[in-house]
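An overview of the molecular structure
Each chain, written out:
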Amino acid sequence: QVQLVESGGGLVQAGGSLRLSCAASGNILSINSMAWHRQAPGKQRELVASINNGGSTNYADSAKGRFTISRDNAKNTVYLQMNGLKPEDTGVYYCYGNVFSVLIGTRDYWGQGTQVSVSS
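Residues numbered from 1 in each chain as written. Predicted model: local features only at pLDDT ≥ 70, side-chain atom pairs only at ≥ 80, totals over all residues. Heavy atoms only, no water.

**So, the overall build of the protein chain**
For the protein chain, the helix and strand inventory stands at zero helices and 11 strands. Secondary structure of the protein chain in N-to-C order comes out as β-β-β-β-β-β-β-β-β-β-β. Radius of gyration (C-alpha) of the protein chain: 14 Å, near the 14 Å computed for a compact globule of 120 residues. Looking at the protein chain residue by residue over its 120 residues, the buried ones come to 44%. (Helix = DSSP H or I, 4+ residues; strand = E, 2+ residues; numbered from the N terminus. Rg over C-alpha atoms; globule rule 2.2 N^0.38 Å. Buried < 20%, exposed > 50% of the residue type's maximum accessible area, 1.4 Å probe, protein only.)

In structure tokens:
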């Protein structure tokens, strides 16, 4: 059984910073792409940033220049450094991983989500 567990959310004032972490555990053989998605109140879940196992990254336009995604393959962990936070960044942030594991093979996994709230 593979699990993704996020941490690092919280309440911050506009202009502040937060660092999210997501650790994958279980019978993992390898992790392909990892990503952070965000769901704001009343809106659909959207991609914030992604990173593949080679380190190539992709960002939503709203995140470019402010957020940085990174990963530690040895720890099966992905991070999202968020600087210059704005009230519109508020939402539940979900970790995603495309994981190759023992017995199950390759499938998509999601974390339970961590709340990020930015006050004006």
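**Section: the nonpolar core**
Trp36, Phe67, Ile69, Val78, Leu80, Met82 and Tyr93 are the most contacted members of the largest nonpolar core, which totals 28 residues. At the level of elements, β3 (18-25), β4 (28-39), β5 (46-51), β7 (67-72), β8 (77-82), β9 (91-101) and β11 (114-119) are the ones that each hand at least two residues to this core. What tyrosine 93 contacts, discounting residues up to four positions off in sequence, is Glu6, Leu20, Trp36, His37, Arg38, Val48, Phe67, Leu80, Met82, Gly113, Thr114 and Val116. (Core = buried A, V, L, I, M, F, W, Y, C linked by side-chain atoms within 4.5 Å. Contact = heavy atoms within 4.5 Å.)

**Digging into unusual backbone geometry**
In this structure, asparagine 76 is a non-glycine residue whose phi angle is positive, near 50 degrees. The residue asparagine 76 is located in the loop between β7 and β8 in this model. If you check the backbone angles, leucine 103 has positive phi at about 75 degrees while not being a glycine.

Nothing here speaks to function; it is all geometry.
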